Amino acid sequence: MKAAQAGWVYLVGAGPGAADLITVRGLRILRTADVVLHDALIPRELLEEARPDAEILSVGKRGYCLGSTRQEAIQEALIRLARSGRSVCRLKGGDPYVFGRGGEEAEALAQAGVPFEVVPGITAATGACAAAQIPLTHRAVGPAVVLATGHHDPEGPDCKLDWDALARLGNVIFYMASRYRTAIARRLIEHGLPPTTAAAVIEKATTPEQRIVVATLAEIADDLTLPGEVGPSLFLVGECVRHRQGLYRPWESFAEVTAP
Ligand SMILES: C[S@@+](CC[C@H](N)C(=O)[O-])C[C@H]1O[C@@H](n2cnc3c(N)ncnc32)[C@H](O)[C@@H]1O
């Protein structure tokens, strides 16, 4: 199996939260790299897999998406470390190419002529749906699914989402949506998605602190939240939620779901 090579950068997906949801290839790179640059949400247990003499650099970000270490600084560090002949594991939450700015890091490396490899990871949506036993797609009610960012105000100029299209499809998983979740639910209803559509919020998926609330879109639009929500969460919209273990609980009040 492949070990990390000198002068290379590996953009490795760490998976959604549970330490053992990294891929075998990702773990191998992590265990053999000279340097590990990691995001804020990487479990400590996983970092302990690095070589005892490896340099571990936290380049974590506040709010799961806003930069406290500048993105440019991360990219410069990756290039500098690789050019100094070290093998670099850039450990990123979920999958590096799903809302993780992995595309920007890959672009910077390519432009600098630094060899790199992307090792995919289980993204939060697939990890959370597996842990919560909700299918992402379903032959009867979910022929397609959209992974969307909920980071921007749905009424604001930075939001590039096509609300008519999302409401028509009706099967969407929003990342980074905790701030605008209510506004997103209202917007979907305004654009024609029935208020009775099933919805769910999953916080800290795949970790022992995972929590889930299952509701309707109308209830979310009416300001329903997980009390004291601080961890990363996903907002699921669509009838697939009703296929959670084949049961639908119209108002499952802040049930704790034990991670697998
Ligand atoms: C900047 S994005 C990075 C996504 C990551 N690259 C992936 O593929 O999952 C961070 C967002 O992912 C979601 N997320 C990450 N880990 C999560 C978890 N364990 N439970 C629920 N949502 C999570 C949240 O929506 C969070 O705001």
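Residues numbered from 1 in each chain as written. Predicted model: local features only at pLDDT ≥ 70, side-chain atom pairs only at ≥ 80, totals over all residues. Heavy atoms only, no water.

## A short note on the overall build of the protein chain
Then, number 1: Secondary structure summary: the protein chain contains eight helices and 10 strands in total.
Then, number 2: For 260 residues, the compact-globule estimate of 2.2 N^0.38 gives 18 Å, and the protein chain sits close to it at 19 Å.
Then, number 3: Dimensions of the protein chain, computed from the C-alpha atoms along their principal axes, are close to 55 × 40 × 35 Å.
Then, number 4: The proportion of buried residues among the 260 residues of the protein chain is 49%.
Then, number 5: Sequence separation of at least 24 residues holds for 72% of the intrachain contacts in the protein chain that already meet a minimum separation of 6.
Then, number 6: When the accessible surface of the protein chain is split by element, carbon and sulfur atoms take 53% of a total near 12,200 Å².
Then, number 7: One finds the centroid of the 27 positive side-chain charges in the protein chain at a distance of 4 Å from the centroid of its 30 negative side-chain charges. (Helix = DSSP H or I, 4+ residues; strand = E, 2+ residues; numbered from the N terminus. Rg over C-alpha atoms; globule rule 2.2 N^0.38 Å. Buried < 20%, exposed > 50% of the residue type's maximum accessible area, 1.4 Å probe, protein only. Contact = heavy atoms within 4.5 Å. Areas by Shrake-Rupley, 256 points an atom, 1.4 Å probe, with all protein chains shown as cover. Lys, Arg positive; Asp, Glu negative; His and termini not counted. Charge placed at Lys NZ, Arg CZ, Asp CG, Glu CD.)

## Overview of the site of the ligand
Then, number 1: Not every one of the 18 residues close to the ligand is listed here, only the nearest: Pro 16, Val 98, Thr 123, Met 176 and Ser 233.
Then, number 2: Interatomic distance of 2.8 Å between a backbone N/O atom of Pro 16 and a nitrogen atom of the ligand.
Then, number 3: Between the ligand and Val 98, the relevant distance is 2.7 Å, taken from a nitrogen atom to a main-chain nitrogen or oxygen of the residue.
Then, number 4: Among the residues making up the shell around the ligand, the classes are represented as 11 nonpolar, five polar and two charged.
Then, number 5: When residues of the shell around the ligand are assigned to domains, at least three map to each of domain 1 (9–119) and domain 2 (124–243). (Near = heavy atom within 4 Å. Polar contact = N/O pair within 3.5 Å; in protein donor to acceptor, adjacent residues only side chain to side chain. Nonpolar A, V, L, I, M, F, W, Y, C, P; charged D, E, K, R; others polar. Domains from an automatic or database assignment.)

## Brief notes about the sheet that holds strand S5 (residues 116–119)
Two strands in a sheet stick together by hydrogen bonds in their backbones, pointing the same way (parallel) or opposite ways (antiparallel).
Then, number 1: With respect to topology, five strands assemble into an open sheet ordered S3-S2-S4-S1-S5, the strand pairing being parallel. Looking at strand neighbours, the two that pair on one side only are strand S3 (55–58) and S5, the edges of this open sheet. Neighbour-to-neighbour, the strand axes of this sheet turn through a mean angle of 15°, independent of strand direction.
Then, number 2: Sheet analysis places strand S1 (residues 9–13) next to S5, joined by four bridges and oriented parallel. (Pairing = 2+ DSSP bridges. Axes fitted to C-alpha atoms, helices over the stretch in contact; angles between N-to-C directions.)

## Examining the domain arrangement of the protein chain
Then, number 1: Domain annotation of the protein chain identifies domain 1 (9–119) and domain 2 (124–243).
Then, number 2: Contacts between the two partners involve 10 residues from domain 1 and, on the opposite side, 14 residues from domain 2.
Then, number 3: Across the interface of domain 1 and domain 2, roughly 870 Å² is buried in total on both sides, 78% from carbon and sulfur atoms.
Then, number 4: In this structure, the connection of domain 1 to domain 2 is made through one residue pair in polar contact (both at pLDDT 80 or more).
Then, number 5: Split by residue class, the side of domain 1 that touches domain 2 holds nine nonpolar, one polar and no charged. (Buried area = accessible area lost by both parts, 1.4 Å probe.)

## Some points on the packing of helix H3 (residues 71–83) against helix H4 (residues 102–112)
Then, number 1: Their axes nearest at 10 Å, the elements H3 and H4 cross at an angle of 45°. For the element pair H3 / H4, the angle class is oblique. Along this stretch, H3 crosses H4, giving a crossing that reads as right-handed. Of the residues in H4, those touching H3 at Gln 71, Ile 74, Gln 75, Leu 78, Ile 79 and Arg 83 are Glu 104, Glu 105, Ala 108, Leu 109 and Ala 112.
Then, number 2: Here the residues of the contact of H3 with H4 sort into six nonpolar, two polar and three charged. (Parallel < 35°, antiparallel > 145°, perpendicular 65-115°, else oblique. Left-handed = near helix turned anticlockwise from the far one by under 90°.)

## Details of the environment of Ala 108
Then, number 1: By the secondary structure assignment, Ala 108 is in helix H4.
Then, number 2: For Ala 108, a relative accessible area of 15% gives the class buried.
Then, number 3: With near-sequence residues (within four places) excluded, Ala 108 lies in contact with Gln 75 and Ile 79.

## A few points about the nonpolar core
Side chains that are nonpolar tend, in soluble globular proteins, to be buried together.
Then, number 1: Within the largest apolar cluster, 24 residues are counted, with the highest numbers of intra-cluster contacts made by Phe 174, Ile 184, Leu 188, Ile 220 and Phe 235.
Then, number 2: Looking at this core, the elements with two or more residues in it are helix H6 (163–169), strand S7 (172–175), helix H7 (181–190), strand S8 (198–203), strand S9 (211–216), helix H8 (217–221) and strand S10 (233–237).
Then, number 3: The residues contacting Ile 220, other than those within four sequence positions of it, are Arg 181, Thr 182, Ala 185, Ala 199, Val 201, Ala 215 and Phe 235.
Then, number 4: In this structure, Tyr 10, Ile 29, Ala 50 and Cys 89 belong to the second largest nonpolar core, which totals 19 residues. (Core = buried A, V, L, I, M, F, W, Y, C linked by side-chain atoms within 4.5 Å.)

## Regarding helix H1 (residues 24–32)
Then, number 1: Within the span of H1, buried status applies to Gly 26, Leu 27, Ile 29, Leu 30 and Thr 32.
Then, number 2: In this structure, the buried residues of H1 make contact with S1, strand S2 (35–38), helix H2 (44–47), strand S4 (88–92) and S5.

## So, the packing of aromatic side chains
Then, number 1: For the structure shown, the criterion picks out four aromatic pairs.
Then, number 2: The rings of Trp 163, Phe 174 and Phe 235 are connected pair by pair, giving a single aromatic cluster. (Phe/Tyr/Trp six-rings, centres within 6.5 Å; stacked < 30°, edge-to-face > 60°.)

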